[in-house]
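Descriptive structure summary
Now for the letters of each chain:
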Amino acid sequence: SRSCSRSAMNPATKPILEAASEFLWSDELQSSLDSFSTNHAPMFADATGVEGEQKLEWTQAHLDFQQLFEFQLEQFVATQSFSQAEFVAACQDALDNGDWANCKGLVEVVLSMSTYEYFVRMMVAAALLFGSLGIDRSPELSSPDDQRVL
């Protein structure tokens, strides 16, 4: 596990980001994101990446993914002893005063999960994986609402 200790960071940042790290790699979040990827990968089957042609349905899928991730993040913060404002402050502190070997990398992962480019790369990779495994999933089998894990 990466250490978040760094003298320039606020001492309160370390425990907040360590909890966030546990959340990011938790079975619950990973299962939720894997389920989303499995259900939405078929619409990216012909994609070549972010540079190629973009389909309108990808934008809606990205919005659904953002909602899922934000919902999961809100649920995580609600179960912690720190507030959302304290979480945001810890993330900013890590970006300003951390480095890749410490917690800055963790915050960059969280931020990247909300970007369209990250999302498309993730979904293209999922489509390639499922295609190479011969898995054929119909996107009509589930709705985005089915993706929320409580």
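Right, let's walk through the structure included here. Bear in mind that the values here come from a model prediction, so they are computed numbers and not experimental data. (Residues numbered from 1 in each chain as written. Predicted model: local features only at pLDDT ≥ 70, side-chain atom pairs only at ≥ 80, totals over all residues. Heavy atoms only, no water.)

So, about the packing of aromatic side chains. All told, the structure shown has nine aromatic pairs when counted by the stated rule. Seen in terms of ring centroids, Phe44 and Trp58 are 4.6 Å apart; in terms of plane orientation they differ by 25°. Their pairing is stacked. In this pair, Phe44 sits in the loop between helix 2 (27-40) and helix 3 (56-78) while Trp58 sits in helix 3, placing the two residues 14 residues apart along the sequence. Exposure class is identical for Phe44 and Trp58. Each is buried. Put simply, the rings of Phe36, Phe44, Trp58, Phe65 and Phe119 pair up and form one aromatic cluster. (Phe/Tyr/Trp six-rings, centres within 6.5 Å; stacked < 30°, edge-to-face > 60°. Helix = DSSP H or I, 4+ residues; strand = E, 2+ residues; numbered from the N terminus. Buried < 20%, exposed > 50% of the residue type's maximum accessible area, 1.4 Å probe, protein only.)

Positionally, Thr59 belongs in helix 3. We classify Thr59 as partly exposed; its relative accessible area is 37%. Remark: the alpha-carbon pair of Thr59 and Tyr116, spanning 57 residues in sequence, is separated by 8.0 Å.

Note that Ala125 resides in helix 6 (residues 116-132). Judged by its relative accessible area of 43%, Ala125 falls in the partly exposed class. Along the backbone, Ala125 and Phe44 are 81 residues apart, and their C-alpha atoms lie at a distance of 8.9 Å.

So, on to helix 2. A rise of 1.5 Å per residue sets the reference length of helix 2, with its 14 residues, at 20 Å; its end C-alpha atoms lie 20 Å apart and thus fit the reference within 8%. Considered for burial, the residues of helix 2 that qualify are Leu29, Ser32, Leu33, Phe36, Ser37, Thr38, Asn39 and His40. (Expected span 1.5 Å × (residues − 1).)

For Ser37, the location among the structural elements is in helix 2. Setting aside residues up to four positions removed in sequence, Ser37 forms contacts with Met122, Met123, Ala126 and Phe130. (Contact = heavy atoms within 4.5 Å.)

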